[in-house]
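# Coordinate inspection notes
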Amino acid sequence: MYLVLARKYRPKNFEEVWGQGPIIDVLKKAIKEERTAHAYLFSGPRGTGKTSVARVFAKALNCEKNSIGKPCDKCEICRNIAAGSSMDVLEIDAASNRGIDEIRSLRENVNLTPSSARFKIYIIDEVHMLTEPAWNALLKTLEEPPDYVKFFLATTAPEKIPSTILSRCQRFNFKPFEQGELIKRLKEICKKEGFTIEDEALKAVYDFSGASMRDALSVLDQLFVNAEDNNVTYHGVKEFLGLVEEKSVGEILMLVREKDVKQLLVLFHSLLAEGKDPAVIMEGIIKRFKGIILERMSVGETTPSEEDKTLYGLFEGVETEVLLSAVSLVIEYKNRLRVENIPVVLSEILLIKLAQILGGDTALPQKTAERKEGKVQPKSKQVAKDGDIFVSERTVKEKPAEREDVVEGKASLKNEEEVLAQWKNILSEVKKAKATLEAAVREGSPVSFKNNTLVISFGSKYEFHKSLVEGKQSNIKIIEGAITKITGVKDVNVSLVSEGEQESPMDNGDVKKIVDFFGGEIINVEE
Ligand SMILES: [Zn+2]
C-alpha cells in the first residue's frame with residue numbers, strides 16, 4: 001500500500017523534527033527536568049510541524065521505556081499514539097463539528113485518570129476555531145487541571161485566542177521553513193524514494209506550497225505518480241501545477257515598464273491561449289514584485305538570478321512606494337477575480353493600470369545617469385515611434401554616418417574581425433537608443449559576422465535575455481542600426497542563437513570540403 005509522503009516522513013521522534021531546533025531543545029529539557037507545563041500553545045503557519053511535534057511530545061512523555069526525548073516507538077503506548085488509537089492521547093480537530101462535541105465531553109472525562117499511560121493528553125488542532133462555550137469549558141479545566149492532564153493546543157491564528165487561555169499556556173512560535181531548508185529536506189526524500197528531481201522543479205514546489213512541508217509533500221506525491229523514469233522535471237511541475245513561467249511574468253513586467261500596452265495584451269492573451277489561469281498570472285506578478293521590493297530592502301531570501309537582476313535593474317527608477325501600491329493593486333484585482341466572474345476583463349484593466357503606474361514616465365536608471373553627465377538628449381527631445389518612448393531621436397531619424405570605409409555588400413573576413421572587435425561600441429550605441437535592450441543584449445556574445453549577418457550567442461543561463469531581445473522586431477532593428485552606425489556596414493542582419501545551436505563548422509565551405517575529402521567527421525574544434 002502506498003503511504004502518502006506526509007505520513008511516511010512524519011517525525012517519529014524529536015531528532016526527526018525538521019527546522020524547529022530551539023523549540024525541541026526546550027521541550028526535551030523540560031521532559032528531562034520533569035518540569036513540563038499543563039498547557040502548551042504551538043502557533044505558526046500551516047505545515048510547520050505543530051501537530052507532529054505535539055504527537056512526538058505526547059509519546060516522549062508517555063513512552064513506557066521513558067528514555068528522554070526519544071520515544072521507543074515499539075511499546076504499546078507509543079504504537080497506540082502513532083496509530084491515533086490511544087485512550088489517553090486524544091486528538092481533537094476544533095474546526096470540525098465533532099470537535100465541538102468532543103470539547104463538551106472533555107469537561108466530564110478530564111477527571112478520569114489515564115487508562116494506561118502516565119499522562120492524559122489532549123491535542124487540540126486549530127484551537128482558534130473553538131466556540132465561546134467550548135472556550136469556557138476549556139478555561140475551567142485549565143484553571144484547575146488534574147496533575148495527569150496536559151493540553152497541547154495548535155493554531156495558525158494565535159491572535160484569535162482569548163487572553164485568559166493564552167496566559168495559562170507556555171507558548172512556542174513555529175517558524176516557517178526557509179527555502180534552502182525545505183528544499184534540502186525534499187531532496188533527501190526524493191532520493192530515499194528513488195526519484196531524481198531538477199533544482200528548478202524543487203524551487204517551484206517550494207514556491208507553490210508556501211513553505212508548508214505538508215503541502216510540498218502532497219505535491220511531491222502527485223509528481224511521483226506522473227514522473228517518467230523516476231525523474232521529476234521542472235517542465236513536469238509546471239504542467240502539473242499550471243504554473244506560469246517566470247520568464248513570461250518577466251516579459252509582462254518588462255512591457256509594463258515600457259508602457260507597451262499593445263504587446264502587453266497580446267502576451268496576456270497568448271498565455272490565456274496556453275491555458276494559463278489569470279489568477280496564477282497575477283500570483284506570478286505579485287511574486288516578482290515581492291522579489292524586487294525585498295531585494296531593494298536587502299532582505300531578499302535568495303541570491304537573485306541573472307534574470308532577476310535585469311528585471312530589478314529595470315525598475316530601479318521606480319519609487320518603492322509606487323511599487324508597493326502596484327502590488328496592492330494586483331492583490332486587490334486578484335481578490336476581485338474570485339467574486340466577479342469577468343477574469344479576462346479584470347486582468348486587462350489591471351495590466352493597463354500597471355503600465356500607467358509603472359510605465360515610461362520615470363526615466364530608466366541608465367538613462368538618468370547619462371543625462372546627468374550630459375551624454376543624452378533631454379527626454380523631451382526623444383520621439384516616440386510605435387509607442388516606444390525609449391527609442392531616441394538619433395537612432396530613429398538620423399541616417400547612419402557616412403564613413404570613409406563603408407563597405408557595400410558582402411563583408412570580407414577582415415570585416416568580420418573588425419565588426420566583432422567593435423562589439424563594445426555597438427553595445428554603447430544600442431544603449432543610447434534603448435537602455436533596457438542593451439542590458440539584455442550585453443549578456444550575449446558576438447560569435448560570427450558572415451554574409452552581413454551578425455550572430456549573437458546566448459548561454460543557457462541567458463535564455464531569458466535572448467527572449468527579451470527577440471520579443472520585439474524593433475529591438476533587432478535597433479541592434480542592426482547600431483552595427484551600421486559603428487562599423488559602416490550597411491544592410492546588416494542580426495541573428496540570435498542559443499549556445500550549442502551555433503553554426504557548426506560544417507557551415508564553413510572550406511572545412512566541409514576537407515572533411516568530405518577525408519570522409520571523416522569533426523570531433524573537436526580548437527579555438
Ligand atoms: Zn514507547
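Now for a look at the structure at hand.

Attention shifts here to the overall build of the protein chain. Counting secondary structure elements, the protein chain contains 25 helices and 10 strands. Per-residue burial over the protein chain gives 46% buried out of 527 residues. Looking at the protein chain alone, contacts between residues at least 24 apart form 71% of all its contacts between residues at least 6 apart. In the form shown here, the protein chain has an accessible surface area of approximately 27,500 Å², with 51% of it arising from carbon and sulfur atoms.

This brings us to the coordination of the zinc ion. Donor atoms from the polypeptide that bind the zinc ion are Cys63 (SG), Cys72 (SG), Cys75 (SG) and Cys78 (SG), placed at 2.2 to 2.3 Å. Each of the 4 donor atoms bound to the zinc ion contributes to angles spanning 102 to 121 degrees, and the resulting shape is tetrahedral. In primary sequence terms, the donor set of the zinc ion follows C-x8-C-x2-C-x2-C. Just as Cys72 is buried, Cys75 falls in that class too.

We now examine the sheet that holds strand 10 (residues 493-498). Pairing within the open sheet is mixed, and its 3 strands lie in the order 8-9-10. Two strands bound the open sheet, and with one partner strand each, they are strand 8 (445-450) and strand 10. The sheet shows a mean angle of 25 degrees between the axes of neighbouring strands, taken without regard to direction. Looking at chain direction, strand 9 (residues 453-458) and strand 10 are connected through 6 bridges and run parallel. Among the inter-strand pairings, Leu454 is bridged to a residue of strand 10, identified as Val494. Together, strand 9 and strand 10 form the strand contacts of helix 24 (residues 473-487), whose direction differs from that of strand 10 by roughly 120 degrees.

This brings us to helix 8 (residues 179-192). Taking 1.5 Å per residue as the helical rise, helix 8 with its 14 residues ought to reach 20 Å, and the 20 Å between its terminal C-alpha atoms agrees with that figure. Taken together, the buried positions of helix 8 are Gln179, Leu182, Ile183, Arg185, Leu186, Ile189 and Cys190. Taken around the axis of helix 8, the buried residues stretch over an arc of 160 degrees, which confines them to a single face. In this structure, helix 8 carries Gly180, Lys184, Lys191 and Lys192 as exposed residues pointing more than 90 degrees from its buried face. Next to the buried residues of helix 8 lie helix 1 (5-8), strand 6 (196-197), helix 9 (199-209) and helix 10 (213-226). Among the residues trailing helix 8, Gly194 stands out with phi positive, at a value near 80 degrees.

Under the defined criterion, the tally for this structure stands at 21 salt bridges. Here Lys287 and Asp207 are joined by a salt bridge, their closest N and O atoms 2.9 Å apart. Taken as a pair, Lys287 in helix 14 (residues 278-296) and Asp207 in helix 9 lie far apart in primary sequence, 80 residues in all. The exposure class assigned to Lys287 is partly exposed, which follows from its relative accessible area of 35%. Here the residues in one salt-bridge network are Lys29, Glu33 and Arg35, joined through shared partners.

We now examine the packing of helix 12 (residues 246-257) against helix 13 (residues 261-273). Helix 13 packs onto helix 12 with a crossing angle of 160 degrees between their chain directions and a minimal axis gap of 9 Å. It follows that helix 12 is roughly antiparallel to helix 13 by the angle criterion. As helix 12 runs across helix 13, the sense of the crossing is left-handed. Every residue of helix 13 that contacts helix 12 at Ser248, Glu251, Ile252, Leu255 and Val256 is listed here: Gln263, Leu264, Leu267 and Leu271. Residue composition of the contact of helix 12 with helix 13, grouped by class: 6 nonpolar, 2 polar and 1 charged.

Glancing now at the sheet that holds strand 5 (residues 170-173). Spatially, 2-3-4-1-5 is the arrangement adopted by the 5 strands of the open sheet, whose pairing is parallel. The open sheet is flanked by strand 2 (89-93) and strand 5, the only strands paired with a single partner. Across this sheet, the average inter-strand angle for adjacent strands is 15 degrees, counted without regard to direction. Bridge count for strand 2 against strand 3 (residues 120-125) is 5 bridges, and the pairing is parallel. The partner of Val89 across the bridge, within strand 3, is Ile121. Seen against the sheet, helix 2 (residues 21-32) touches strand 1 (39-43) and strand 5 and runs at an angle of roughly 150 degrees to strand 5.

This paragraph deals with the nonpolar core. Formed by 64 residues in total, the largest nonpolar core has its most connected members in Ile285, Phe289, Phe315 and Leu354. Residues lining this core come from more than one domain, with at least three contributed by each of domain 3 (246-358) and domain 4 (403-507). Beyond its immediate stretch of four places on either side in the chain, Ile285 contacts Val249, Ile252, Leu253, Val330, Leu351 and Leu354. Counting 31 residues, the second largest nonpolar core, distinct from the first, contains Ile31, Tyr40, Val53 and Cys75.

Further remarks concern the packing of helix 14 against helix 16 (residues 320-339). Here helix 14 crosses helix 16 at 160 degrees, and the two axes come no closer than 10 Å. Here helix 16 runs roughly antiparallel to helix 14, going by the angle between their axes. Like other packed secondary-structure pairs, helix 14 and helix 16 cross with a definite hand, here left-handed. Along its contact with helix 14, which presents Pro278, Ala279, Met282, Glu283, Ile285, Ile286, Phe289, Ile292, Ile293 and Arg296, the element helix 16 presents Thr320, Leu323, Leu324, Ala326, Val327, Val330, Ile331, Tyr333, Lys334 and Leu337. Its residues assigned to classes, the contact of helix 14 with helix 16 comprises 16 nonpolar, 1 polar and 3 charged.

So, how was this worked out
- Residues numbered from 1 in each chain as written.
- Predicted model: local features only at pLDDT ≥ 70, side-chain atom pairs only at ≥ 80, totals over all residues.
- Heavy atoms only, no water.
- Helix = DSSP H or I, 4+ residues; strand = E, 2+ residues; numbered from the N terminus.
- Buried < 20%, exposed > 50% of the residue type's maximum accessible area, 1.4 Å probe, protein only.
- Contact = heavy atoms within 4.5 Å.
- Areas by Shrake-Rupley, 256 points an atom, 1.4 Å probe, with all protein chains shown as cover.
- Donors = N, O, S within 2.8 Å, 3.2 Å for Na, K, Ca; no water.
- Tetrahedral: all angles 85-135°; square planar, octahedral: opposite > 155°, others 65-115°.
- Pairing = 2+ DSSP bridges.
- Axes fitted to C-alpha atoms, helices over the stretch in contact; angles between N-to-C directions.
- Expected span 1.5 Å × (residues − 1).
- Arc of directions from axis to C-beta.
- Salt bridge = Lys/Arg side-chain N within 4 Å of Asp/Glu carboxyl O.
- Parallel < 35°, antiparallel > 145°, perpendicular 65-115°, else oblique.
- Left-handed = near helix turned anticlockwise from the far one by under 90°.
- Nonpolar A, V, L, I, M, F, W, Y, C, P; charged D, E, K, R; others polar.
- Core = buried A, V, L, I, M, F, W, Y, C linked by side-chain atoms within 4.5 Å.
- Domains from an automatic or database assignment.

Shape descriptors only; they carry no functional weight alone.
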